Amino acid sequence: MTNERIIVPLDVPDLQRAITLLDRLPQVNFWKVGLELFTSSGPTILEVLKSRQKRIFLDLKFHDIPNTVAGACRGAASYGVDLLTVHASAGKDALKAATDAVQVGALQAGVQPPKLIAITLLTSISSLQLAKDLKVPLELPEYALTMALMAQESGFKGAVCSPQEVTHLRQVCGDDFLLVCPGVRPIWSHQADQKRSLTPAQAILAGANYLVIGRPITAAPEPELAWQKIVAELNTVK
Ligand SMILES: O=C(O)c1cc(=O)[nH]c(=O)n1[C@@H]1O[C@H](COP(=O)(O)O)[C@@H](O)[C@H]1O
């Protein structure tokens, strides 16, 4: 079951490199397709993943007016993916429109609707940047919670947050609300652009349902070994 809780992003520039990664890590069951690969290569990768019976997190992070978010969500829902992201900061009307639209899109395509999860605050943003650059007057944990609650009230099934906010969000949003955490860093890996990290074990202990772990695995000299080390770390806290 540990494997099921780690989502690996296919953050590569083209389909061929994505397939190379899939071939190299057959033990990974849950993959994320994000803006880089989807923009360069379109939905073909989703068919590849389905043909291999993989679960799919389609991370397109929609952020637009309600009508446009709804249209994009209808389209994305037709692919029959497991998870789909929208920025909570698009606002309540857009989130509600997304909730309705995934049902319509999935029904029209004859597939299960994706679970909608809201981006609360990107894990690359620090408390200082939130205050100084984005001019948000709330403390970071309060801001992330506000975004998560707005998404929950709008019918979303979960939120993306940093592992540092998980304990608080879990307490307030309850056990049924999915918490998906990027910004996870084993102690032996580089932070890179992630600002609010915890280790895989710490994130799971805090109450995360899923961990999104990219470069510590995909940029490692031996991705299989990096994967195994993370699985071993998580097995110590099961
Ligand atoms: O939605 C996401 O998955 C996401 C949200 C967020 O706040 N921060 C974040 O890093 N991500 C994604 O999670 C992945 C993290 O990758 P690494 O930093 O390489 O582990 C990338 O694909 C990001 O697009």
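Residues numbered from 1 in each chain as written. Predicted model: local features only at pLDDT ≥ 70, side-chain atom pairs only at ≥ 80, totals over all residues. Heavy atoms only, no water.

Labelled according to an unreviewed UniProt entry, the protein appears under the name Orotidine 5'-phosphate decarboxylase, originating from Umezakia ovalisporum FSS-62. Listed in UniProt under the heading Pathway (unreviewed entry), the comment for the protein reads: "Pyrimidine metabolism; UMP biosynthesis via de novo pathway; UMP from orotate: step 2/2." Recorded under Catalytic activity (unreviewed entry), the UniProt text for the protein is reproduced unchanged: "orotidine 5'-phosphate + H(+) = UMP + CO2". (UniProt positions renumbered as here; feature names shortened; annotations may be inferred.)

K.L.:
Explain the UniProt feature "domain: Orotidine 5'-phosphate decarboxylase" (unreviewed entry) in the protein here, please?
P.N.:
Under the UniProt annotation, "domain: Orotidine 5'-phosphate decarboxylase" (unreviewed entry) lies at residues 5–230. Helix makes up 45% of residues 5–230 and strand 16%, whereas the separation of the span's terminal C-alpha atoms amounts to 11 Å. (Helix = DSSP H or I, 4+ residues; strand = E, 2+ residues; numbered from the N terminus.)

K.L.:
How should I be thinking about the packing of helix H4 (residues 66–77) against helix H5 (residues 92–109) in this particular structure?
P.N.:
The geometry of a pair of packed helices is captured by two quantities: the angle between their axes and the separation between those axes. At a minimum axis separation of 7 Å, H4 and H5 run at an interaxial angle of 30 degrees. The angle between H4 and H5 falls in the class roughly parallel. Crossing handedness for the pair H4 and H5: right-handed. Along the contact surface, H4 presents Pro66, Val69, Ala70, Cys73, Arg74 and Ala77, while H5 presents Asp93, Ala94, Ala97, Ala98, Ala101, Val102, Val104, Gly105 and Ala106. (Axes fitted to C-alpha atoms, helices over the stretch in contact; angles between N-to-C directions. Parallel < 35°, antiparallel > 145°, perpendicular 65-115°, else oblique. Left-handed = near helix turned anticlockwise from the far one by under 90°. Contact = heavy atoms within 4.5 Å.)

K.L.:
What is the right way to look at the site of the ligand in this model?
P.N.:
Near the ligand lie 17 residues; those nearest to it are Asp11, Lys32, Thr123, Arg185 and Arg215. A distance of 3.2 Å separates an oxygen atom of the ligand from a polar atom in the side chain of Asp59. Measuring from an oxygen atom of the ligand, one finds a side-chain N or O atom of Gln194 at 2.9 Å. Summarising the interface, the protein chains cover 90% of the accessible area of the ligand, which totals 500 Å² for the free molecule. Elements with a contribution of two residues or more to the shell around the ligand: strand E3 (55–62) and helix H10 (215–218). Class assignment for the residues of the shell around the ligand results in eight nonpolar, three polar and six charged. (Near = heavy atom within 4 Å. Polar contact = N/O pair within 3.5 Å; in protein donor to acceptor, adjacent residues only side chain to side chain. Areas by Shrake-Rupley, 256 points an atom, 1.4 Å probe, with all protein chains shown as cover. Nonpolar A, V, L, I, M, F, W, Y, C, P; charged D, E, K, R; others polar.)

K.L.:
Explain the packing of helix H7 (residues 140–153) against helix H8 (residues 166–173) to me, please; I cannot follow it from the model alone.
P.N.:
Relative to each other, H7 and H8 sit at 40 degrees, their axes nearing to 10 Å. In the packing of H7 onto H8, the handedness of the crossing is right-handed. Between H7 and H8, the residues in contact are Pro141, Ala144, Leu145, Ala148, Leu149 and Gln152 and His168, Leu169, Val172 and Cys173, respectively. Residue composition of the contact of H7 with H8, grouped by class: eight nonpolar, two polar and no charged.

K.L.:
I'm lost on the packing of aromatic side chains in this one. Help?
P.N.:
Aromatic ring pairs are defined here through the distance separating the ring centres and the angle between the ring planes. On inspection of all chains with the given rule, the structure shows two aromatic pairs. Geometrically, the ring pair formed by Phe30 and Tyr210 is edge-to-face, given 5.3 Å between the ring centres and 80 degrees between the ring planes. Taken together, the residues span a long stretch of sequence, with Phe30 in strand E2 (residues 30–33) and Tyr210 in strand E8 (residues 210–212) at a distance of 180 residues. This pair shows no difference in class: Phe30 is buried, exactly as Tyr210 is. Ring geometry for Phe38 and Tyr79: centres 6.1 Å apart, planes at 70 degrees, overall edge-to-face. You can see Phe38 sitting in helix H2 (residues 35–41) and its partner Tyr79 sitting in the loop between H4 and strand E4 (83–87), a full 41 residues away along the chain. (Phe/Tyr/Trp six-rings, centres within 6.5 Å; stacked < 30°, edge-to-face > 60°. Buried < 20%, exposed > 50% of the residue type's maximum accessible area, 1.4 Å probe, protein only.)

K.L.:
Mind showing me how you'd approach the pairing of E3 here?
P.N.:
On a regular strand, one side chain projects to one face of the sheet and the next to the other, so that they alternate. Along E3, six of the eight residues are buried, which leaves the element largely enclosed by surrounding structure. As defined by bridge partners, E2 adjoins E3 across four bridges and the pair is classed as parallel. What sits directly across from Lys32, in E3, is Phe57. The pairing of E3 with E4 spans three bridges and is classified as parallel. Within the sheet, the bridge partner assigned to Leu58 lies in E4 and is Leu84. Considered for its hand, the β-α-β crossover made up of E3, H4 and E4 is right-handed. (Pairing = 2+ DSSP bridges. Right-handed = clockwise from strand over helix to strand, strands pointing away.)

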